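# Structure assessment
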Amino acid sequence: MPITLLWAVDVYGRVYSLSTAGQRWERADDMLLELKRVTAGKGRCWGIGCDHYVYLNITPSETSIRYREETYENQRWNPVDSFTDTLLPTDRWPWSDVTGMNPQPLHSFELPSRSWEWEGDWYVDQSCGGEPSQTGGWEYAVDFPANFSPDKKWNSCVRRRRWIRYRRYIAQGTWAKIPLDNPRKPPLPLSDISCGGWEMSDQSGRYPYLWGVSQQGEVWFRRGVNSHNPCGSGWISIGGEMMMVDVGLNDQVWAVGEDRGLYFRMGVTPSEPSGSGWIPVSAQWGNSKEVIPPRNECEFSGQLTEASQGSVLSCTDSDSELGPTDPQNSTNDTPVLEAAAPSVVPLGGANSPTPPLKTEDTPSASQQDAPKPFIPASDSFINSLVSDRDKTSTPQPSITEVPQEECEEPSPAPILPTPEAVGHDVPWMNVDLEGAEAARSAQAAGLSSGDGSAAATYALGTLETSHGVGEEDGPVWTWISGGGCDVDASSQISWLSPTGPLTSSLSLTPVQSAAWSEQQQQQEHREEISKKPLERSNSVWVRKGALRWWRDWKPQRWVDVGVALEQSTRSDGKKDSIFFVYYTQYDEKKYLHVFINEVTALVPVLRDCHYAFAVYTAQRTKQRWPLVLAAQTEKDMNDWLCLLSDCCCEIRGITGPPSRQALWSTTSKGDIMVHEPSFSLEATAHTLACDLMFWRQVPGHLRCVESNSLGLVWGIGWDGTAWVYSGRYEQQPIPGDVVQMLQQTDIRSVHVYENQRWNPMTGYTDKGLPTDRPMWSDESGLKECTKGNTHPPSPQWSWVSEWAVDYNVPGGTDKEGWQYAADFPVTFHGHKTMKDFVRRRRWARKCKLTLRGPWQQVPPIPLSDISLMPCLAQSRMEQIPVWALSDKGDVLCRLGVSPQNPAGSSWLHVGTDQPFKSISIGGANQVWAIAKDGAVFYRGSVSPQNPAGECWYHIPSPPRQTLRQLSVGRTSVFAVDENSNLWYRQGLTPSYPQGSAWELISNNVTKVSVGPLDQVWIVADGVPGFPAETPGAVCHRVGVGPMQPKGQSWDYGIGGGWEHISVRGNSAEAPRAPHPPPIGSPRSPLPPRPPSEQVNGNAVGV
């Protein structure tokens, strides 16, 4: 058995070690060293000194610890000086790291501490790629960055070589002080550390981990600890509010939270040693079958809220910050507890509660002077002893007993703010929403408190009769050790399986997760939204969690944040909700907030393969910068989206499935969004602003969607599959009803481009010019995309095929799939000419998505476009015309479509002499279509008796333009060309429905949709003034009317990332005012229409 050491610290901070080969304790050689806590692993021991520094002792061994420093010398060739360190302005540094991004001259390397010494001077690495080289260590390439090789070629314009220097660790067997992280603020002072995990060996590649907890409860992880660098390289802040932490076997990290709950760190792997989130240890206690969740403040029947920096059990509050208590000024029915000791907070006999007194009883002096049990905080035992001595000289605040009748109501007592605290702007660090709400209620009620400074004041309410603090409720945890507990990644452990909504990775901190557990305990009281009533007519309901936030300012990156949703109910029954995002900037905790009644959309987005979603408000829509958040798993994202969406709909009074008048749209990701229109949306005066529209998501995945006002909704997936809306989308089943949630699948192709350039020596090759695009890229050539680093559009998709050459590319290809051009970027063609010096070919790979939604498949023909005839709300039709295009360009007419049978019965093929790419049917059975070559056609003689019509009439296209998509309304036709220009067809009359000419309306248009009121909506390619905006923004044409069918201006709404919009179901007109219309153009020049003629009978809307 190898000789190992046992480490211990006495109450005076002296460090001792006991060898397995010896029989007596040996004190550390450094007699001045005083440590508060030690944690030992194999061959090493870490400690926290009384000076708050971290110390490390490495057991001496025969093998020295060496660390290799390296830097690269870079040179470029020029015709005058040959290879020299005079580089181009766009090149990397003359001395840099391997990536070339960071400068690393030889003189910039310094020893990290006095525990290291240099073994020798810098020398050149004579090997290239691990093999001996005769080039003096130089590696050559065409340009930076590229693949380097030891072979010098005629086109080798740059070269580099690696310099190496070793440093040796000389502090083995002694206690070495770990230097601070400059300029980053270190996690001081630490109250607990723990090392453990994998063994320290190069063979396994796994090293021990060091975790720490500061006195503020923040968890830290020491990065860079390995066999060559035992001291590590820096600290990483980890989310959580803990008292102590323990590192067990393999990848297990355990902790005790400040709520006295036990927690386990998820996601600790060799590639992600800091983990991803905390989950509670929820096990049964005693003979009870009830699962014990993390300990929360309601176990003491009160709220321990944070009104100042730190937490309830924080070790940073000093006596000078807390004024003396005045029992005379405190109310008898509202007991108050003020933290007085530096590291101990008395909790009034949590483990041995005293019986409550009667209503007329008052606390006596003997009760106030009686010693109170206390729970030591996460500091060492020495501090607990010191705190115990302080109790004898410092008057302790008393906890008044609670009358018996108060125990019948679980309402916690409000916080009593001190006069100084009310008028002083105290900077907050950790905000508790329930506590803030209680403080506002207490202030409004005019409550007063005793004397004291701006310190944290906590209220302990009454003990609930059904939830008393005792053995059956589980213990109040103070320590945990997982050194003997081995939890494998595939283990199915019941007490580590989070249950309930939003608990898998949404427990940011134990203090916050306490709100979750309390809500789970009161799930049976579903009629009460509030979990913690602050008043009889005012309640607050909070859910909290951990997400990642795409930071609003540069450098933009993902930041771990805490989130919380607070919903309060006023006395009149109305609800107010706020969504908070907590983040840290320059070691200061800050927050963002969004009022739920101002949220206009919750949209899943594509961001770096994250499960991300965007929160839009009217203000953020105008700024083109939504609040983007990401969850760890798809379930967490869907849970948060469902929760926030339900709150938004509840506040706005939206229930049930979408109405027949709803606006439908799809995003570029394939998500389906709907908006419930109001009469003001299409009103001539006081039109609803487009950025104020509220969009909600409908389950499903589609590329485009079309609707009409009779309740029919059709959609097409990315694979061309046709789907029809089944009529409802409720997440919760209706009693006695069956929810039609069907399985829906979709398949799409992901493309990458292989690029090559011709040279006279080798022909076409992947060795391009330094200014060329990457040899594997996207279609634009701006982003490098290889087969290996290209992923499906989102984590919900999965690959179902391998990469293959795609021959179905616009412009054609040769027999090997190549397209040729003179240079990048120009138009490519499918045959090679003498002037073609570059070529590319497209590779495709299919991925599949499977989900459930209220969509019924319409087999068997894949479609590329579809159109439903727009109708007025009061229309009655036995069969609704539906026209579509197959994926091959064939024109189809669906028969048997009605509100009772929305899927119809069969397809009727309509003959054409060429394939089509866009089709639309408008009022009075006007059918327009665009062929693949851009030619426009009008279908004549279409009627209910002859649904397929008789013949096609050719319509001239706009001069020198090729149309790609059109939409027909009641009396107007709009089209979009290949250059994103929007055109309006003039001269449409009942006698000449083909019109007379095209008129240019606008540019920057991707898709257009014309509704039954001739309203015009588009998906804009971009928003003026925001060049970085993602293409695809919803836009409304303002000023459209019978006398002004072209409209006047654009109102930009939500975006980007929108793919399609359909307003063909919105026929809701604003009611006519009984008084004469205001000055200006009349709303409609037509006389009132008799009811018998309101079926779309002809083209003029009579």
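Provided above is the structure to which this section pertains.
Figured I'd write up the structure that's included with this text. Not measured: the values here are computed from a predicted model.

### Some remarks on the sheet that holds strand β51 (residues 855-858)
Whether parallel or antiparallel, the strands of a sheet pair through hydrogen bonds between backbone atoms. Spatial strand order, β41-β42-β43-β51: four strands in an open sheet with antiparallel pairing. Where the open sheet ends on each side, the last strands, each with one partner, are β41 (704-707) and β51. With strand direction ignored, the average angle separating the axes of adjacent strands in the sheet is 30°. Pairing of strand β43 (residues 722-725) with β51, which is carried by four bridges, proceeds in the antiparallel orientation. Of the residues in β51, the one forming a bridge with alanine 722 is valine 858.

### Notes on the nonpolar core
Counting 37 residues, the largest nonpolar core has Trp714, Leu863, Ile866, Trp883, Val891, Phe916 and Trp952 as the members making the most contacts within it. Of all the secondary-structure elements, those providing two or more residues to this core are β42 (713-716), β43, β52 (863-868), β53 (882-886), β54 (891-895), β55 (906-910), β56 (916-921) and β57 (927-931). Looking at this core element by element, the count peaks at four residues for β53. With 30 residues, the next largest nonpolar core counts Val559, Val563, Leu602 and Phe613 among its residues.

### Observations concerning the sheet that holds strand β60 (residues 963-968)
The strand order across the open sheet formed by four strands is β60-β61-β62-β63, and the pairing between neighbours is antiparallel. Each having just a single partner strand, β60 and β63 (997-1002) make up the two edges of the open sheet. Averaged over all neighbouring strand pairs, the angle between strand axes comes to 30°, with direction disregarded. Inspection of the sheet shows β60 paired to strand β61 (residues 973-977) by five bridges, in the antiparallel sense.

### Focus on the packing of aromatic side chains
Applying the stated rule across the entire model yields 32 aromatic pairs. Relative to tryptophan 952, the ring of phenylalanine 937 has its centre 6.5 Å away and its plane inclined at 75°; by these criteria the two rings are edge-to-face. Highlighted residues: phenylalanine 937 in strand β58 (residues 936-940) and tryptophan 952 in strand β59 (residues 951-955), separated in sequence by 15 residues. Each residue in the set Trp928, Tyr938, Tyr953 and Trp998 is aromatic and connected to the rest through ring pairs, giving one cluster. Arginine 66 extends its terminal NZ or CZ atom over the ring of tyrosine 166, reaching a point 4.0 Å from the ring centre. One Lys or Arg, arginine 159, reaches over the ring of tryptophan 138 and ends 3.8 Å from the middle of that ring.

### Looking at the environment of threonine 912
Along the chain, threonine 912 turns up in the loop between β55 and β56. Judged by its relative accessible area of 28%, threonine 912 is partly exposed. Taking the C-alpha atoms as reference points, threonine 912 and valine 891, 21 residues apart in sequence, are found 7.3 Å from one another. Discounting residues that sit within four places of it in the chain, threonine 912 has contacts with Val891 and Trp952. Within the structure, threonine 912 has its side chain in polar contact with the backbone oxygen of glutamine 914 (distance 3.0 Å).

### What to know about helix α7 (residues 634-652)
In this model α7 runs 27 Å from its N-terminal to its C-terminal C-alpha over 19 residues, within 8% of the 27 Å that 1.5 Å per residue would give. Residues Asp636, Met637, Trp640, Leu641, Leu643, Leu644, Ser645, Cys647, Cys648 and Cys649 constitute the buried set of α7. Positive backbone phi, at 75°, marks glycine 653, one or two positions downstream of α7.

What counts as what
- In every chain, residue numbers begin from 1 and rise along the written sequence.
- pLDDT decides what is reported in this predicted model: residues at 70 or higher carry local features, side-chain atom pairs at 80 or more are listed and counted, and totals for whole chains, interfaces and linings draw on all residues regardless.
- Just so you know, side-chain values use all the structure's heavy atoms and leave hydrogens and water out.
- The criterion for strand pairing is that DSSP finds at least two bridges linking the strands in question.
- Elements are defined by DSSP. Helices are runs of H or I of four residues or more, strands are runs of E of two residues or more, and each kind is numbered from the N terminus.
- Every axis in this analysis is a line fitted to C-alpha atoms, fitted for helices over the stretch in contact. Angles between the N-to-C directions lie between 0 and 180 degrees.
- Grouping buried Ala, Val, Leu, Ile, Met, Phe, Trp, Tyr and Cys residues that are joined through side-chain atoms within 4.5 Å yields what is termed a nonpolar core.
- Three labels apply to residues, based on accessible area from a 1.4 Å probe with only protein chains included: buried if under 20% of the type maximum, exposed if over 50%, partly exposed otherwise in between.
- Side-chain rings of Phe, Tyr and Trp, where Trp is taken by its six-membered ring, are said to pair if the distance between their centres is within 6.5 Å; with planes under 30 degrees apart they count as stacked, over 60 as edge-to-face, and otherwise as tilted.
- The rule is short: NZ of Lys or CZ of Arg within 6 Å of the ring centre and within 35 degrees of the ring normal puts a charge over the ring.
- Contact between two residues is taken to exist if any of their heavy atoms lie within 4.5 Å; hydrogens are not considered.
- Think of a polar contact as two N or O atoms within 3.5 Å of one another; within protein, one of them needs to be a possible hydrogen donor and the other a possible acceptor, and neighboring residues in sequence only count if both atoms come from side chains.
- Take the number of residues in a helix, subtract one, and multiply by 1.5 Å to get its expected span.

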